[in-house]
Number of protein chains: 2
Amino acid sequence: MITRFETYLRTHTSLSDEDIERIASAAMPRSLRRNELLLQQDQVCRYKTFIINGLLRTFGRVADGSEYILQFSPENSWALDAESYDRETPSVFNIAAVEQSELLLWNKADFDRLLTDIPELQALSRQLISRSNYSSRQRLFTALSATSEEKYEDFTRTFPHLLARLPLHLIAAYLGISLKTLTRIRHAQLHR
Amino acid sequence: MITRFETYLRTHTSLSDEDIERIASAAMPRSLRRNELLLQQDQVCRYKTFIINGLLRTFGRVADGSEYILQFSPENSWALDAESYDRETPSVFNIAAVEQSELLLWNKADFDRLLTDIPELQALSRQLISRSNYSSRQRLFTALSATSEEKYEDFTRTFPHLLARLPLHLIAAYLGISLKTLTRIRHAQLHR
């Protein structure tokens, strides 16, 4: 597990072996079964999480219990509720496993210390925050402006590797459309 | 104009008079008439912009020409397309004035130098990026999950001070609903 994370760091940074070793050794491994929660609404998000294997989803619920998905986090990416983590306030979102997943977790105090001591980790962290900002804007624009068909097409273009791994109701919950609408769109595509 | 910006910095940071003076003196004042563009799609966003007076909107257009608004930036806030600015790539969005506006602009080279030299400005900048991240997530969740009525109610709660300053078609373009739907919602509210 640690080896995969080290490979990720070597690919995305020019951190020294020593720093990589230090970052990796501060992590706690954790497994999640399918549908198991990593973060539950009203809890404080206490960990930075890196996904070694598997797939997580970050989602919120509305009053009637239905779920809307903000983000999918596959292997070699990170998941957290940044606002809850940064401010140490209860989260309004949940994070759960779509598939059996293997994770690395850092608690905030440990990760903050690493950020202070290792400027290049801080640079990576800022880069990730910026990218998340760019893609949130783009996604918001799509959510506001696109038809259901366009949303689905955008999804298949952006996440071709996730399509086969996701049950349809989770894709619908990510697009903010009903399962019925999604089924109709896919049916129409097949018959085109 | 500069005085207002200095007051903003004094309120939100504990920067020294000297640093505030240095940041302010690197800014270029600019006025925008109502509907005048600050950034046009396909241009590179070359400036960090602080709004002294007035109101800007950041928006994108879809193929049929209709406009969807990502953000309103009133006085005492900032506006830019972060992705275009950071990467120096053509923007997919536009920024225009909703009202006659007075702005301060910093070009990227100057602002980057200030960030390097003044750690507390960097801290403010990171804080603003984080906040923008939090509110994008919350807004995305509302866009995905809320009914048109809930979207409008959320808007009136979040931006009570903007309601009277915005023509209805711009509120509709921010909510991602049609002007007709918005008019119906407001009519129903008045008769409740």
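Refer to the structure printed above.
Every value quoted in this text rests on a predicted model; they were computed, and no experiment measured them. Each chain has its residues counted from 1, following the order in which its sequence is written. Chain labels run from A onward and ligand labels from 1 onward, assigned in the order the entries are written. At least 70 in pLDDT is required for a residue's local features to be given in this predicted model, at least 80 for side-chain atom pairs to be given and counted, and no such filter applies to totals for whole chains, interfaces and linings, which use all residues.

**Some remarks on the overall build of chain A**
Secondary structure summary: chain A contains 8 helices and 8 strands in total. Taken over C-alpha atoms, the radius of gyration comes to 18 Å for chain A, in line with the 16 Å a tight globule of 192 residues would show. Taking the principal axes of the C-alpha coordinates as reference, chain A spans close to 55 × 35 × 30 Å. The 192 residues of chain A split such that 30% are buried. Contacts spanning at least 24 positions in sequence make up 69% of the contacts within chain A whose residues lie at least 6 apart. What counts as a helix is a DSSP run of H or I of at least four residues, what counts as a strand is a run of E of at least two, and both are numbered from the N terminus. The atom set for the radius of gyration is the C-alpha atoms, and the globule formula is 2.2 Å times the number of residues raised to the power 0.38. With C-beta atoms placed from the backbone, a residue is buried if 20 or more other C-beta atoms are within 10 Å of its own, exposed if 12 or fewer are, and partly exposed between those counts. It is the C-beta atoms, placed from the backbone, that decide contacts: two residues are in contact if theirs lie within 7 Å.

**Points about the environment of proline 119 of chain B**
Here proline 119 of chain B lies in helix 5 (residues 119-145). When the C-alpha atoms of proline 119 of chain B and serine 145 of chain B are compared, they prove to be 39 Å apart, with 26 residues separating the residues in sequence.

**Section: the relation of the copies chain A and chain B**
For these two chains of identical sequence, chain A goes onto chain B by a turn of 180° and a shift of 0.0 Å along the axis, with RMSD 0.0 Å. The two molecules are tied by a two-fold rotation axis, judged by turn and shift. Same-surface contact between copies: 100% of interface residues of chain A are shared with the interface of chain B. Copies are brought into register by a least-squares superposition over C-alpha atoms of residues with pLDDT of at least 70 in both.

**Some thoughts on the sheet that holds strand 5 (residues 67-74) of chain B**
The strand order across the open sheet formed by 4 strands is 2-7-4-5 (chain B), and the pairing between neighbours is antiparallel. The outermost strands of the open sheet, each flanked by one partner alone, are strand 2 (37-39) and strand 5 of chain B. Neighbour-to-neighbour, the strand axes of this sheet turn through a mean angle of 30°, independent of strand direction. The angle between two axes is taken between their N-to-C directions and runs from 0 to 180 degrees, where each axis is a line fitted to C-alpha atoms and a helix contributes only its stretch in contact. Strands in contact with helix 5 (residues 119-145) of chain A are strand 4 (55-61) and strand 5 of chain B; relative to strand 5 of chain B, the strand with the most contacts, it is inclined by about 125°. Together, strand 4 and strand 5 of chain B form the strand contacts of helix 7 (residues 168-175) of chain B, whose direction differs from that of strand 5 of chain B by roughly 105°. Two strands pair if DSSP finds at least two bridges between them.

**With respect to the nonpolar core**
Linking buried Ala, Val, Leu, Ile, Met, Phe, Trp, Tyr and Cys residues through C-beta atoms within 7 Å yields a set, and such a set is a nonpolar core. Residues Leu56 and Ile69 of chain A together with Leu56 and Ile69 of chain B are the most contacted members of the largest nonpolar core, which totals 75 residues. Domain start and end points were adopted from an automatic or database domain assignment. Of the domains in this structure, domain 1 (2-130) and domain 2 (146-192) of chain A are the two that each give at least three residues to this core. Contacts of leucine 56 of chain A, omitting those with residues within four sequence positions, involve Leu38, Ile51, Ser73, Ala79, Ile95, Ala96, Ala97, Val98 and Ser101 of chain A.

**Observations regarding the interface of chain A and chain B**
The partner chain B presents 21 residues to the 21 residues of chain A that form the contact. Elements that contribute at least two residues to the side of chain A that touches chain B include exactly strand 5 (67-74), helix 3 (82-87) and helix 5 of chain A. Tallying contributions element by element places helix 5 of chain A first for the side of chain A that touches chain B, with 13 residues.

**Observations concerning the environment of phenylalanine 72 of chain B**
Residue and element names in this part refer to chain B. Here phenylalanine 72 shows up in strand 5. Measuring from C-alpha to C-alpha, the distance between phenylalanine 72 and valine 98 comes to 8.8 Å, with 26 residues separating the pair along the chain. In contact with phenylalanine 72, not counting residues within four places along its chain, are Leu55, Arg57, Leu162 and Tyr174.

**Section: the environment of leucine 70 of chain A**
By the secondary structure assignment, leucine 70 of chain A is in strand 5. Using a count of 23 C-beta atoms within 10 Å as the deciding quantity, one classes leucine 70 of chain A as buried. Spatially, the C-alpha atom of leucine 70 of chain A lies 14 Å from that of alanine 97 of chain A, the residues being 27 residues apart in sequence. Each residue touching leucine 70 of chain A, except ones within four places of it in the same chain, is listed here: Thr58, Phe59, Gly60 and Phe93 of chain A together with Arg137, Leu140 and Phe141 of chain B.

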